[in-house]
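Spelled out from the first residue to the last, the chains are:
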Amino acid sequence: MPKRFIILLPPLLLVAVALNQLRLSATESLSPWSGGGFGMFASTDSPGSRHLHVYVHNAGARKEIAFPASLEIQVLRATTLPSRYRLEQLARAVAVAESGSSFSWDEIVVEVWANEYQPDTLMPLAELLREERFVFSSF
Amino acid sequence: MFSRLFDTARSAASFTAIDLALRLTLLDLLLRPVGNWLIRPLVLGLAVAGLINVAWLRQPLVWLVLAVLLALRVYLDWPLADNHAYLLVYWCLAVALACCYADRQILISNARLLIGLVFAFACVWKFAVSGDYMNASFFKFIFIVDPRFEGFVQVVANVDLEVLERLREHVEQHRDGEFSVPGLAEIPAALTYLAVAATIWNLFINAALALTFLWPGGGRLVAVRHGLLLSYCVVTYAIATVDGFGWLLLAMGVALCGSEQRRWRAAYVSVFVLILFYREVPWAQLLSA
């Protein structure tokens, strides 16, 4: 490997990671504050400005499940980068915490919301960033 | 190249000028420890070893191991690690390469490019991608919701704590898909002016840092770079207590100082200590009391 490339590896890595962060922000709703793109302190869309709801559907009825404190970090990761994989892992964890290994729900729905703020008054308006539905036949 | 990892610096003279940059980096790691229960003691141990033993300070393998540990930390924390965590990885890798090749110019080039690119991408977000930065919404928001800015907002914008808490309640209310008028909070004019001023200053300083550091060449530009970076650190970290990032930027700035530039090195060390005071002395809260 040429020396010139090796000695420029750090800035090349920075550029690659930052471009990937821009890509993930556009495609997977990665928070601007995360991912190594230097978008921190540039947007109100911080991980703390996002929130999440988990619902279970059973025979036409819908009920929201509260997630336990033990899943706090997992929830933070899921709101920061709400990919389908992460939301599925979270849904499984919440389902197990709620009902153990047996449950009879038709569907689990995970919603991730992000706040936008009206410029003059900062009135918040939450917009749905991502909604994923999961059917778990068994664990 | 593999054998170079185990050599200490072969040209001690060329490294005296950058020893300070390396020491400030290790001091940053000591003052703002990072990592989990496994990574943190290893990073701290290497930082202490490097600070007390000059052979370890210039040992390429030490810096490469630090870079790997810090990269592991980013991986384990994914996607939660902040920007500082990534920059630490890149910088430790740059130091490892510079020590490996015993070439000070490698560290200088990397310091300049890394600083320039950090602020270039920050500009991309602030100027182009973020929809709420240029209209000052971001600073209005952060001054209200982030308790670290409370003292600063009270002192500079003369906003009462009660008013701030009411505004915070308004901004943090939970609304899914609704937009209702009742309960509109009035944002004090002084807070709006402060947000506008902060926006203009940050747009200017981020763009100036990106341009001057990415522009090749030296001459008078060198002094401009140092002046801008020091100004940025003095102002920003008085208000936003993200000290680890500030210290890292200062360590990288020191690496850009030639051996004859004692005054600039002294300025960087002074601002490094100043940020420590910013962290330990809640000046804004004391003034607002």
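Residues numbered from 1 in each chain as written. Chains lettered and ligands numbered in written order. Predicted model: local features only at pLDDT ≥ 70, side-chain atom pairs only at ≥ 80, totals over all residues. Heavy atoms only, no water.

Undergrad: Which parts of the structure should I look at to understand the interface of chain B and chain A?
TA: Where the parts come together, the accessible area they lose is often given as the size of the interface. In this assembly, 58 residues from chain B lie in contact with 52 residues from chain A. When chain B packs against chain A, the two sides together hide about 4700 Å² of surface, and 71% of this comes from carbon and sulfur. Linking chain B with chain A are zero salt bridges, by the criterion used here. Here chain B and chain A share eleven residue pairs in polar contact (both at pLDDT 80 or more) between them. Elements that contribute at least two residues to the side of chain B that touches chain A include exactly α4 (60-77), α5 (83-101), α6 (104-129), α7 (137-145) and α9 (161-171) of chain B. The greatest single-element share of the side of chain B that touches chain A, amounting to twelve residues, is contributed by α6 of chain B. In terms of residue class, the side of chain B that touches chain A is built from 38 nonpolar, ten polar and ten charged. (Contact = heavy atoms within 4.5 Å. Buried area = accessible area lost by both parts, 1.4 Å probe. Salt bridge = Lys/Arg side-chain N within 4 Å of Asp/Glu carboxyl O. Polar contact = N/O pair within 3.5 Å; in protein donor to acceptor, adjacent residues only side chain to side chain. Helix = DSSP H or I, 4+ residues; strand = E, 2+ residues; numbered from the N terminus. Nonpolar A, V, L, I, M, F, W, Y, C, P; charged D, E, K, R; others polar.)

Undergrad: Please clarify how the pattern of salt bridges should be interpreted in this entry.
TA: Oppositely charged side chains are able to pair whenever their charged atoms sit close together. If you walk through the whole model with that rule in mind, you get 14 salt bridges over all chains. One salt bridge connects arginine 50 of chain A with aspartate 45 of chain A, and the closest N-O pair in it is separated by 2.8 Å. In terms of burial, arginine 50 of chain A and aspartate 45 of chain A fall into one category: buried. The salt bridge involving arginine 168 of chain B is made with glutamate 150 of chain B; its shortest N-O contact spans 2.8 Å. Taken together, the residues span a long stretch of sequence, with arginine 168 of chain B in helix α9 and glutamate 150 of chain B in helix α8 (residues 150-157) at a distance of 18 residues. (Buried < 20%, exposed > 50% of the residue type's maximum accessible area, 1.4 Å probe, protein only.)

Undergrad: What am I meant to see in the nonpolar core here?
TA: Generally speaking, a soluble globular protein has its nonpolar side chains buried in company with each other. Ranked by size, the top nonpolar core spans 82 residues in total, and within it Trp63, Leu87, Trp91 and Leu249 of chain B carry the most contacts. Per element, the largest residue contribution to this core is 17 residues, and it comes from α5 of chain B. Sequence-distant contacts of leucine 87 of chain B, that is, excluding residues within four places in its chain, are made with Leu14 of chain A together with Leu114, Val118, Phe245, Leu248, Leu249 and Met252 of chain B. Core analysis: the second largest hydrophobic core is formed by 29 residues, Phe139, Leu164, Leu167 and Leu191 of chain B among them. (Core = buried A, V, L, I, M, F, W, Y, C linked by side-chain atoms within 4.5 Å.)

Undergrad: Sorry if this is basic, but what is going on with a nonpolar patch on the surface here?
TA: Residue and element names in this part refer to chain B. Together, Val269, Val273, Leu274, Phe277, Val281 and Leu286 make up an exposed nonpolar region whose accessible area comes to about 480 Å². Looking at the nonpolar patch, the element that brings in the most residues is helix α13 (residues 262-280), giving four residues. Position of valine 281 relative to the elements: it lies in the loop between α13 and α14 (283-288). (Patch = residues over 30% accessible without salt bridge, like charges linked within 9 Å, V, L, I, M, F, W, Y side chains within 5 Å. Areas by Shrake-Rupley, 256 points an atom, 1.4 Å probe, with all protein chains shown as cover.)

Undergrad: How do you make sense of helix α12 (residues 243-255) of chain B when you look at a structure like this?
TA: Because the α-helix completes a turn every 3.6 residues, residues three or four places apart line up on one side. The end-to-end C-alpha distance of α12 of chain B is 19 Å, a good match for the 18 Å that 13 residues give at a rise of 1.5 Å each. Taking burial as the measure, the 13 residues of α12 of chain B include 13 buried ones, the bulk of the element. (Expected span 1.5 Å × (residues − 1).)

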